[in-house]
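# Residue-level structural notes
Spelled out from the first residue to the last, the chains are:
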Amino acid sequence: MTAANRSGSEPQPSAPARASTPERSGRAKPSEPEPSAPARRVRAVAHRGDPYRVRENTLASLRSALRRGADAVEVDVRLTRDGVPVLLHDATLERLWRHERPIAALSRDEVRGLTGDGVPTLADALAATEGHRVLIDLPGSPDLRSVRRIVDVVGACDARDRVYYCAGAATMLTLRAADPSAEIALTRTTAAPPRPALVEAIRPRWLNYRFGLVDRALADRVHADGLLLSAWTPDTRRAMRRLIALGVDSVTTNRVDVLCALRDARGRPRRRR
């Protein structure tokens, strides 16, 4: 657990924000056939680390997820007032750290003081996850200058080859302008295919769908277009099994140990009776 905040009280680890873990809103089809998906080893991506055990977007949470088998970790990155990229999903410190002030109004040193050094910098997170892939989500519609600052830190940490980025179309257009070679997962909240002109401008490697939108037709269409398919954020075994059966390439979840167990069990040969 990370250090206490300035008041001396230690907030307990919290489950991820309900708005960004859309298990309730997923429209999974109970009758979706399971057996005949292509043999793909799904990438297990830990959503903000291991948030049901350790406070999200902290170094301890990232390390916990990697110990539990994650292939990659997903983190949210925002900038402090003095331009330091740090790990935080929300615009303020209120939910996780009991301080209402916006991160954009605080310096890095002020954030450190208010959270007991609990909010890591992006550079710290990249060091802690060395050798593993990192998916950087960019919440809050950052401008070009902010995105360039994040890209510059990734480059300074020699992590370009293991970092990729996700967000909606507007932010990914900004990211593409900041880094022409970045690997992009274009986040989608509708099953409709992205416009060809948008795909051409962003040049994503992945289409990143809310898990309840994924069905056989969508999976086949994404793969036929030569793209990889990722899904977020299923937390039940039933939803995870369905996505694995559909042949998705990557699943982002708050329960990465459960996903790894299901994936690995599916890959083992069954015993003869």
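The structure this text deals with has already been given above.
Summary of the structure given here. Please read all numbers here as calculations on a predicted model, not as lab measurements. (Residues numbered from 1 in each chain as written. Predicted model: local features only at pLDDT ≥ 70, side-chain atom pairs only at ≥ 80, totals over all residues. Heavy atoms only, no water.)

Every regular strand shows the same layout, with side chains that alternate between the two sheet faces. Counting buried residues in strand E8 (residues 228–232) gives four out of five residues, a clear majority hidden from the surface. Bridge analysis of strand E7 (residues 206–210) against E8 gives five bridges, and the strand direction is parallel. Counted as the bridge partner of Tyr209 is Ala231 from E8. Each parallel crossover has a hand, and the one from E7 via helix H8 (residues 216–224) to E8 is right-handed. Sheet analysis places E8 next to strand E9 (residues 250–253), joined by three bridges and oriented parallel. Residue pairing for E9: Trp232 is matched across the bridge by Thr252. (Buried < 20%, exposed > 50% of the residue type's maximum accessible area, 1.4 Å probe, protein only. Helix = DSSP H or I, 4+ residues; strand = E, 2+ residues; numbered from the N terminus. Pairing = 2+ DSSP bridges. Right-handed = clockwise from strand over helix to strand, strands pointing away.)

A separate point is the pairing of strand E4 (residues 133–137). Within E4, five of the five residues are buried, which leaves the element mostly enclosed by the surrounding structure. Pairing analysis gives five bridges linking strand E2 (residues 72–79) to E4, with the strands arranged parallel. By the bridge assignment for E4, Val75 is matched with Ile136. Pairing between E4 and strand E5 (residues 163–167): four bridges, direction parallel.

It is worth spelling out the environment of Ser64 at this point. Structurally, the position occupied by Ser64 is in helix H1 (residues 59–67). Among the residues examined, Ser64 registers a relative accessible area of 3% and is labelled buried. Through-space distance from the C-alpha of Ser64 to that of Arg53 is 8.3 Å; in sequence the pair is eleven residues apart. Once you skip the residues sitting within four places of it in the chain, Ser64 turns out to touch Asp50 and Val54. (Contact = heavy atoms within 4.5 Å.)

Our focus in this paragraph is the nonpolar core. Counting residues in hydrophobic clusters, the biggest one holds 58 residues, and the most contacted among them are Leu122, Ile136, Leu138, Tyr165, Met172, Leu175 and Val214. Sequence-distant contacts of Met172, that is, excluding residues within four places in its chain, are made with Leu138, Tyr165, Cys166, Ala167, Ile184, Ala185, Leu186 and Ile202. (Core = buried A, V, L, I, M, F, W, Y, C linked by side-chain atoms within 4.5 Å.)

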